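# Coordinates in review
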Amino acid sequence: MELTDAERATLKALCDTLFPSIPGGSDFLRLSASDLAIESSLAEAVERSLQPGSARDFRRMLRAVDSPAYNFILSGRPVKFSSLGSGARERYLQAWRDSPFALKRTAFQAVKRLALFIAYASPGLDGRNPSWGALGYPGPSRDPPVPTPENLLLKPIPVDADAKMSCDVVVVGSGAGGGAVAESLSGAGYDVLVLEQGPYDTSTTFRQDEMGMMQRLFQQGGTAATVDLSFVLLAGRGAGGGTTVNWIPA
Ligand SMILES: Cc1cc2nc3c(=O)[nH]c(=O)nc-3n(C[C@H](O)[C@H](O)[C@H](O)COP(=O)(O)OP(=O)(O)OC[C@H]3O[C@@H](n4cnc5c(N)ncnc54)[C@H](O)[C@@H]3O)c2cc1C
């Protein structure tokens with residue numbers, strides 16, 4: 001569901017506080033949240049990528065931080081976050097970060113993690129995030145991918161409707177565990193079916209686009225976490241499971 005204008009305005013105020021433009025600093029420090037399209041990408045992530053329950057909680061949090069009544073109940077001060085000056089906004093967020101109330105800490109982590117991930121990983125407004133140059137990162141390669149030789153390709157059977165198949169053993173998940181079990185059983189002569197919920201990627205479909213690939217190849221687009229958001233759960237989703245995303249080429 002689309003964020004309302006009021007929710008977007010609060011989101012913008014939060015992003016501007018977490019990623020403030022620092023006048024007089026280097027090119028990088030002068031960048032604002034808007035230069036990096038943080039608020040619009042974050043709104044899109046909430047509207048399209050978060051689980052429905054998490055999206056509802058996120059929107060509730062946006063309404064809460066800008067509600068004088070809610071702030072009065074929680075902290076005794078009837079303030080609206082978006083009406084505060086920049087110093088007061090920082091103190092407000094620091095208080096949520098360190099709050100004894102788990103709900104406030106969770107809300108702080110939700111917005112901080114998503115905003116900063118987008119700040120550095122998203123392609124930005126013109127496909128080249130301005131923070132990359134400042135960090136010395138040349139950005140994703142524009143060279144066309146090297147095609148995988150046809151004889152190395154698996155031939156997955158996409159299942160997008162009811163289907164009937166027969167086999168000796170079904171292995172659910174094609175990660176480190178499932179892949180090894182399937183290989184052993186099949187080597188022992190069993191007819192094995194591996195069920196995988198995620199996509200099948202090869203060198204022709206992988207891209208160096210961090211944000212797009214995170215969303216495609218990680219559980220819940222990389223946003224999976226414990227309920228209170230104190231731990232992020234990075235787990236692969238796709239042919240190969242975690243083994244597809246857990247290594248760094250030499
Ligand atoms: C970023 C990252 C870095 C890592 N670095 C290292 C490292 O350096 N060294 C190391 O030893 N380990 C590392 N790991 C951990 C390692 O990858 C995992 O421990 C390992 O892959 C777990 O294997 P698994 O088979 O239990 O699960 P996974 O590899 O996670 O595979 C589970 C698969 O099952 C699929 N699946 C789940 N539920 C269903 C369902 N209901 N229906 C169909 N499919 C389903 C998922 O989509 C997934 O593809 C890393 C993991 C990550 C995410």
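Our subject is the structure that appears above.
Residues numbered from 1 in each chain as written. Predicted model: local features only at pLDDT ≥ 70, side-chain atom pairs only at ≥ 80, totals over all residues. Heavy atoms only, no water.

You can see Ala9 is positioned in helix 1 (residues 5–18). Taking the relative accessible area as the measure of exposure, Ala9 reaches 43% and is therefore partly exposed. Residues Ala9 and Ser82, spaced 73 residues apart in sequence, show a C-alpha to C-alpha distance of 7.6 Å. (Helix = DSSP H or I, 4+ residues; strand = E, 2+ residues; numbered from the N terminus. Buried < 20%, exposed > 50% of the residue type's maximum accessible area, 1.4 Å probe, protein only.)

Below, the discussion takes up the pattern of salt bridges. All chains considered together, the criterion is met by twelve salt bridges. Note that Glu47 is salt-bridged to Arg8, the shortest N-O span being 3.7 Å. With Glu47 in helix 3 (residues 38–48) and Arg8 in helix 1, this pair connects stretches of sequence that are 39 residues apart. The exposure class of Glu47 is buried, given its relative accessible area of 12%. In this structure, Asp16 and Lys12 form a salt bridge, with 2.9 Å as the shortest nitrogen-oxygen distance. Of the two residues, Asp16 and Lys12 both sit in helix 1, four residues apart, roughly one turn of that helix. Taking relative accessible area as the criterion, Asp16 reaches 26% and is therefore assigned partly exposed. Look at Lys12 and you get partly exposed, because its relative accessible area is 32%. (Salt bridge = Lys/Arg side-chain N within 4 Å of Asp/Glu carboxyl O.)

Around the ligand, the surrounding shell holds 19 residues, and the nearest of these are Gly177, Glu196, Gly238, Gly242 and Asn246. One of the side-chain N or O atoms of Glu196 is found 2.6 Å from an oxygen atom in the ligand. At 2.7 Å, a side-chain N or O of Asn246 approaches an oxygen atom of the ligand. For the ligand, the protein covers 53% of the area, taking 1000 Å² as the surface of the free molecule. Here the residues of the shell around the ligand are counted per class, giving four nonpolar, 13 polar and two charged. (Near = heavy atom within 4 Å. Polar contact = N/O pair within 3.5 Å; in protein donor to acceptor, adjacent residues only side chain to side chain. Areas by Shrake-Rupley, 256 points an atom, 1.4 Å probe, with all protein chains shown as cover. Nonpolar A, V, L, I, M, F, W, Y, C, P; charged D, E, K, R; others polar.)

Moving on, we come to unusual backbone geometry. For Ala37, which is not a glycine, the phi torsion comes out positive at approximately 55°. By secondary structure assignment, the location of Ala37 is in the loop between helix 2 (27–30) and helix 3. Judged by its relative accessible area of 8%, Ala37 falls in the buried class. Its identity as a non-glycine residue notwithstanding, Gln220 has a phi of 50°, on the positive side. Considering the arrangement of structural elements, one finds Gln220 in the segment after helix 10 (210–217).

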